[in-house]
Amino acid sequence: MTSARIVRGRTLSFRDDPRRDDAVVSHDDGAVAVRDDGRIEWSGPYPDLPAQFSSTAIDHFPDQIIMPGFIDAHVHFPQHRMIAAPAEDLLAWLNRFAFHEEARYGEAAFAAAAAERFLDKLISHGTTSALAFSSVHKVAAHSLFVAAQRRGLCLITGKTLMDRNAPDEILDTAEGGARDSADLIARWHGVDRLRYAITVRFAVTSSEAQLRAAGDLYADNPGCLMHTHVSESAGEIDFVKQQFPWSRDYTDVYDHFGLLGGNSVLAHGLHLSERECQVLHDTGAMVVHCPTSNNFLGSGLFDIDHLRAPGRPVKVGVATDVAGGTSYSMLQTLGEAYKVAMLKGRKFTALDGFYLATLGNARGLGLAGEIGTLERGAWADLVVLDPAATEVMAARDELSESLEDTLFALMMLGDDRAVRAVYIKGGKVHGKE
Ligand SMILES: [Zn+2]
């Protein structure tokens, strides 16, 4: 149990997409009041703090921004050691680095130690929830659930399904993969703050039998997510076309096997056609923008306006995609998303970015009301950001005249050095004094 407390400072939260009016809730001298059970009881201007909290302990962060902890909507737990490993493109990168490293996660002790290091990294970067890929091994996903449960985290993961086109040591079978997934769902889905994602690596590494089995699992477990990749690189898209010659396009493969729905989360979506966007809109799936990864692997430039075109807007999230991504920091990720938007001639404001990294991702993961907000009843998973964390940032901060100015500089210049404190369920788990 966490003890009640007040966290006071400049609060920021969203009640909706900031492209709509009155979506931003911010107080220069604000406060978040946390109940004994770790949920938010009240948030608002500090002078309006209800009398019932008059004797509650206060953590005061003058000039710091207190907001919901970041949500990373797509990150790979078993790749955490191989960040910044270069290769000519996605398929070469997987073959040269990712598959070999992931093969180690079949060892229980190795996976358990890695899970702790991975969660330490998320938290030190201000990320309090994630939808994470694991490896093909049942024990790896189990280890991550164990570590996340011990820390009281809201975390979603699953054993990766992959039964072809990768080294033998990281392949399962259609039947074995489905059985392991079902076992993990029974053991972990809905336990404390943990949820299960039926995890198809991507169409390249699954047979039709495996995709069919994954679709059956998704239909049989309506609370679970479906997590995969789509339309990331040109070579990958060609490969999918060769393997599924009957498909209209990449998205059609997932649609055909019943893998698209309101709980489906697909990373990348860089080269989606109008038809594919329509299907993703109709099914309610979310596409996750992973800019540092896309730039690092030269995969392409995400077109946010194409995805969100009026008439058939596709739900969009944002994520690091470590270790294709080059930073655990959602601030760095938002800064890179801004640059990608500039290269595409699109507009991406700081408010767009901070919304996506909190409430936007929460909505896409089906966790609205639970995380990504400072509203009453949500879990008090908080990040405290210092807009003047470095000399460069401090100089820039002197010129900021508005909240949006401050947030823009934070997303362009900030990283884990700007994370002053992190709270999980109202308990401080990371903090610089
Ligand atoms: Zn990925």
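Quick look at the pattern of salt bridges now. Within the structure shown, the criterion is met by 26 salt bridges. In this structure, the salt-bridge partner of Arg151 is Asp120, at a minimum N-O distance of 2.9 Å. In this pair, Arg151 sits in helix α3 (residues 138–151) while Asp120 sits in helix α2 (residues 108–124), placing the two residues 31 residues apart along the sequence. You can call Asp120 partly exposed: its relative accessible area is 42%.

Glancing now at helix α1 (residues 90–102). Helix length check: α1, at 13 residues, gives a terminal C-alpha distance of 16 Å against a target of 18 Å (1.5 Å per residue), a shortfall beyond 12%. A maximum bend of about 35 degrees is found in α1 at Arg96. Looking at α1, one finds that the buried residues are Leu90, Leu91, Trp93, Leu94, Phe97, Ala98, Phe99, Glu101 and Glu102. Here the buried face of α1 lies against α2, α6 (234–243) and α9 (291–296). Sitting at the amino-terminal end of α1 is Asp89, which places a side-chain oxygen 3.4 Å from the backbone nitrogen of Leu91.

With that settled, the discussion passes to the environment of Gly431. You can see Gly431 is positioned in strand β16 (residues 427–431). Among the residues examined, Gly431 registers a relative accessible area of 37% and is labelled partly exposed. In sequence terms Gly431 and His80 are 351 residues apart; their C-alpha atoms lie 22 Å from each other. In this view, Gly431 contacts Arg420 and Ala421; residues no more than four positions away in its chain are not counted.

Moving on to the layout of surface pockets. Looking at the largest pocket, its volume works out to about 320 Å³. If you go around the largest pocket, you meet 13 residues; those closest to its centre are Asp17, Arg19, Arg20, Lys315 and Tyr355. Residue assignment for the lining of the largest pocket shows that the elements contributing at least two residues are β13 (315–318) and α12 (350–364). When residues in the lining of the largest pocket are grouped by element, the largest group, four residues, is from α12. Across the lining of the largest pocket, the residue classes tally to five nonpolar, one polar and seven charged. The residue makeup of the lining of the largest pocket includes at least three contributed by each of domain 1 (5–69 + 373–431) and domain 2 (70–328). Considering only enclosed or pocket space, the second largest pocket measures out at about 160 Å³ in volume.

Per the stated rule, a full pass over the model turns up three cavities of 30 Å³ or more. Here the largest cavity is characterised by a volume of approximately 120 Å³. Lining the largest cavity are 14 residues; nearest its centre among them are His76, Leu90, Leu94, His229 and Glu232. The element contributing the most residues to the lining of the largest cavity is α1, with three residues. Partitioning the lining of the largest cavity into residue classes produces five nonpolar, six polar and three charged. Estimates place the volume of the second largest cavity at around 40 Å³. Considering the residues around the second largest cavity, the lining is formed by Pro68, Gly69, Ile71, Thr128, Ser129, Glu370, Ile371, Gly372, Thr373, Trp379 and Asp381.

Calculation criteria
Residues numbered from 1 in each chain as written. Predicted model: local features only at pLDDT ≥ 70, side-chain atom pairs only at ≥ 80, totals over all residues. Heavy atoms only, no water. Salt bridge = Lys/Arg side-chain N within 4 Å of Asp/Glu carboxyl O. Helix = DSSP H or I, 4+ residues; strand = E, 2+ residues; numbered from the N terminus. Buried < 20%, exposed > 50% of the residue type's maximum accessible area, 1.4 Å probe, protein only. Expected span 1.5 Å × (residues − 1). Bend = angle between axes of the 7 residues up to and from the residue. Contact = heavy atoms within 4.5 Å. Polar contact = N/O pair within 3.5 Å; in protein donor to acceptor, adjacent residues only side chain to side chain. 1 Å grid on protein atoms, 1.4 Å probe; cavity = no way out; pocket = protein on both sides within 12 Å on 5 of 7 lines; lining within 4 Å. Points joined across faces, edges and corners; volume = space filled by probe spheres on them. Nonpolar A, V, L, I, M, F, W, Y, C, P; charged D, E, K, R; others polar. Domains from an automatic or database assignment.

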